[in-house]
Number of protein chains: 2
Amino acid sequence: MAHQEKATSGVEWRITLGDGSSKSLVPDAGPVSRIWIGLKGLIAGLVLKVWKFLKRAWDIGVDDPRKVIHCLKVGMALTVVSLFYFMRPLYKSVGGNAMWAIMTVVVVFENTVGATICKSLNRVFGTTLAGFLAFGVHWVASQSGQEFEPLITGASVFLLASTATFSRFIPSVKARFDYGAMIFILTFSLVTVSGYRVDKLFDMAHQRISTIIIGTSLCILVTMFICPIWAGEELHILISCNMDKLANSLDGCVDEHFNYNGELKDRDKQPDKKLLGYKCVLSSKATEESMAKFARWEPAHGRFNFKHPWQQYLKIGASMRSCACCVEALKRCIDSENQASEFTKKHLSNICLKVSSNSSSVMKEVAKTIKTMKRSPSIDFLVEEMRSTVQDLQNELNFLPKLLSPPEVLHPESKGTEETTSTTHLLEVIPVVTFASLMIEISSRIQAIVETVEELAELAEFKGEVQEKDKQNQPNTNRIVASQLNDDQQTMKALERV
Amino acid sequence: MAHQEKATSGVEWRITLGDGSSKSLVPDAGPVSRIWIGLKGLIAGLVLKVWKFLKRAWDIGVDDPRKVIHCLKVGMALTVVSLFYFMRPLYKSVGGNAMWAIMTVVVVFENTVGATICKSLNRVFGTTLAGFLAFGVHWVASQSGQEFEPLITGASVFLLASTATFSRFIPSVKARFDYGAMIFILTFSLVTVSGYRVDKLFDMAHQRISTIIIGTSLCILVTMFICPIWAGEELHILISCNMDKLANSLDGCVDEHFNYNGELKDRDKQPDKKLLGYKCVLSSKATEESMAKFARWEPAHGRFNFKHPWQQYLKIGASMRSCACCVEALKRCIDSENQASEFTKKHLSNICLKVSSNSSSVMKEVAKTIKTMKRSPSIDFLVEEMRSTVQDLQNELNFLPKLLSPPEVLHPESKGTEETTSTTHLLEVIPVVTFASLMIEISSRIQAIVETVEELAELAEFKGEVQEKDKQNQPNTNRIVASQLNDDQQTMKALERV
């Protein structure tokens, strides 16, 4: 329709131009047509803006269809609750207070099950508590005579509203009962103050609480049984996906550094997106925290028990962020300088690529552990392999100066005087050494991630894939672990020396 | 009181022990006393918990008295709005709809002026728009006969609620009209659905909108004229304080690195707190964003115009975080290894301390620029000085290999064979070189901060302290700036080679 309009008016405009047959005559076409042109431009701009907006909205819907489903769920819950008005017997029982059910559904319905339950319980308990308190205050006020009644009511509203508002600043209250405190103030003020006018106070409070309970139960039922989105599951998936992303961006960084000359330029776009995975990890703190907050309110669902250790996921997230910070430093290292000598680069490239592939395979294995919720039988082996390659890298670094001190032997092409050669060499080594020491740092942070995930596996009682075999080999394993620990301590000491 | 009780019951218990004269007889003291002891423990625990909670709340209040003032403001606004119920003439004009004014105050009153205005406007416009739409739908429904009325009403609620919920997922809507969309759904459902029952629909809608306007105006008045907390000013102060903190923690880090041996151990606690200032910078992203979001809604206040470039503060914040990331790497550098040889450390300590003191004085000057909102006359000079010391550091690094290549001359005490000496030297140099290259990176990021602040100064039209003089010297200054730029480019190229 809009397209057709554009086309016809475009033709009109060209006719006007043909009539005038010179550019200076165009403004003489009359104020009406000028206004028309201006208006047309305005409308076209508006249509374009609306079109772009709708396009973006459509993309959001296509990207995550669950958002669309959530919207349909809200619409459905509201329509169901409207039945209170349409059905005569139901309306008679609660009357005008049915609006509280509608209001509850609008305010309480959230994207995830946990958030909906959290808000629902806060609303019900906040309302009930405030209702009882308001009754008490109203009784005291009504006993104290006509004159004092407004005074006592006003003072109690002032005091309790201030106190409840202040409680919202206390972190432990804010984390769980922020919404409840607001509802408490709301209900207390409404009931206390309207108690002064409305005679059937008890009936009103009773109907209001029952409609709120109806609204919240409806919300909880709809959110739990129609395509539920569990905050806990989202957190679980987020953490394991972020771990995969981190592993990929580590791999990508190291690949880019050592294969920079030509090979990667063909697929310029593809690795770029992969490389920036660590940024997702760095920026997901707020999401993780709110998910963990809401996951606590959820009942057992899928593979998760009621008391699933959601707080441990925050610890895993924190250790992943500390690792992602190092990957960012690594990325900066690549971006800022590519002047490391090809000789030293080649010399270290094999071992560095090995460290990075081992590190990322440890991370991928850990991500798999989280995804499947099964202890991995090979994680100890992989970590040990990573440690030994880190030790190899360490040895290579120790060996580097020896390679450099007699430069003439290994570098037949001498670059001038002896002095400048030696100068160039140290300066050329520095970027590679920085890169390698960051790799070592990253692998030690990956070990920290593995530890936090192992804590999670213990707390959440992940099943082992080879539990039976493990029990038989217990003493042996212990001995091996002890010797590994010794090795590790030595390795760590060696690392600290670099 | 609780203390006294404990003491007396403690005595009772000892008497019982004396009577029994053996430990096995204690449980025979009777179930009543056992219950009493248990109950006492429970009460004591509860009292202790409540006491701790109150203590924490008190600390929060003492730390930031403005929070307490905010609570008192909420209490006051609520008490004032309750007057609608208490005053007979006022109550007669709006009736039971006075509750919407109370509800508005509870829901809309926020900590900062910007947030309150944002929510107020959202509430008023959301309600008005939804009200008009609901009227239209109600009229259509009432024209279409008894049978179709509930059908049309239900379908419109479903459609508009789903659409409005979906619009809350679109970032541009979410940033400004999230609350408005919710209020739209609420009002539309309430008015459309109750239109089916309530006859005097127009009166109800009119009263409701007017009470909401009364509530929001009261909130805006109280929040603006009684100890106002402006989101914009908070953002302004936050940014300049964070800049000072960053400067201090940079200074502290470098001091700790070079004066580690003994000198700093006496004042162990004091520098630690100072050192961790960069963590504040790293974690303040969410606060900055919400402050900037609300600051847009605020009218001109204090030194800020209505169209103050609040978005630019977010850019400054981002560049500060990128610098803080480097400071974290520097801190890690210090924590992980102190094995750099004293010789190289001493050799570079003076120049490193100079770079850090110049860098932090640039940052402090920039913080002062923001604080006073006046262009600093000395900032160009300070930046130039920082650049030249960075160049010096660069030269020292270039000179380092020459110092090391004949180790016997400078180090009279030879550590064994020649081979091991040279090995030790390269390894000892690495941490110091890493430290120095981080310092260089930090100074280049500080230049980025200076640039974003200069953009802010232009956008917000900061006054220059020596504006008149500047104008006279314009051509000269330009030439100097151009030559500086040339120098910088050369310096940067030199830096990249490290």
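Small disclaimer: the values here were computed from a predicted structure and weren't measured. (Residues numbered from 1 in each chain as written. Chains lettered and ligands numbered in written order. Predicted model: local features only at pLDDT ≥ 70, side-chain atom pairs only at ≥ 80, totals over all residues. Heavy atoms only, no water.)

Draft legend 1. Looking closely at unusual backbone geometry. Positive phi is not limited to glycine here, since Cys227 of chain A has a value of about 40°. Checked against the element boundaries, Cys227 of chain A lands in the loop between helix H9 (201-225) and helix H10 (231-258). For Met373 of chain B, which is not glycine, the phi dihedral falls at a positive 55°. Residue position: Met373 of chain B is located in the loop between helix H15 (342-372) and strand E1 (374-375). (Helix = DSSP H or I, 4+ residues; strand = E, 2+ residues; numbered from the N terminus.)

Draft legend 2. Molecular detail of a negative patch on the surface. All names here are of chain A. A cluster of acidic side chains, namely Asp380, Glu451, Glu454, Glu455 and Glu458, defines a negative patch on the protein surface. A total of four residues in the negative patch trace back to one element, the largest contributor, which is helix H18 (residues 418-459). Relative to the elements of secondary structure, Glu458 occurs in helix H18. Judged by its relative accessible area of 59%, Glu458 is exposed. (Patch = residues over 30% accessible without salt bridge, like charges linked within 9 Å, V, L, I, M, F, W, Y side chains within 5 Å. Areas by Shrake-Rupley, 256 points an atom, 1.4 Å probe, with all protein chains shown as cover. Salt bridge = Lys/Arg side-chain N within 4 Å of Asp/Glu carboxyl O. Lys, Arg positive; Asp, Glu negative; His and termini not counted. Charge placed at Lys NZ, Arg CZ, Asp CG, Glu CD. Buried < 20%, exposed > 50% of the residue type's maximum accessible area, 1.4 Å probe, protein only.)

Draft legend 3. Structural view of the packing of H10 of chain A against helix H13 (residues 285-295) of chain A. Residue and element names in this part refer to chain A. It is the contact of H10 with H13, at a shortest axis distance of 8 Å, that shows an interaxial angle of 145°. Handedness of the crossing formed by H10 with H13: left-handed. Across the interface between the two elements, Ala231, Gly232, Glu234, Leu235, Leu238, Ile239 and Asn242 of H10 pack against Thr287, Glu288, Met291, Ala292, Phe294 and Ala295 of H13. Grouping the amino acids of the contact of H10 with H13 by side-chain chemistry returns eight nonpolar, three polar and two charged. (Axes fitted to C-alpha atoms, helices over the stretch in contact; angles between N-to-C directions. Left-handed = near helix turned anticlockwise from the far one by under 90°. Contact = heavy atoms within 4.5 Å. Nonpolar A, V, L, I, M, F, W, Y, C, P; charged D, E, K, R; others polar.)

Draft legend 4. Focus on a nonpolar patch on the surface. All names here are of chain A. On the surface, a nonpolar cluster with roughly 600 Å² of combined accessible area is contributed by Met76, Val80, Leu83, Met87, Leu221, Phe225 and Ile226. Broken down by secondary-structure element, the contributors of at least two residues to the nonpolar patch are helix H3 (65-86) and H9. At three residues, H3 tops the list of elements feeding residues into the nonpolar patch. For Met87, the position within the fold is in the loop between H3 and helix H4 (88-94).

Draft legend 5. How the structure looks around the side chain of Ser189 of chain A. Its place among the elements puts Ser189 of chain A in helix H8 (residues 171-195). Take Ser189 of chain A: its relative accessible area is 1%, and that puts it in the buried class. Aside from chain neighbours lying at most four places away, what touches Ser189 of chain A is Val157 and Ser194 of chain A together with Leu78 and Ile102 of chain B.

Limitation: the analysis is restricted to geometry and does not speak to function.
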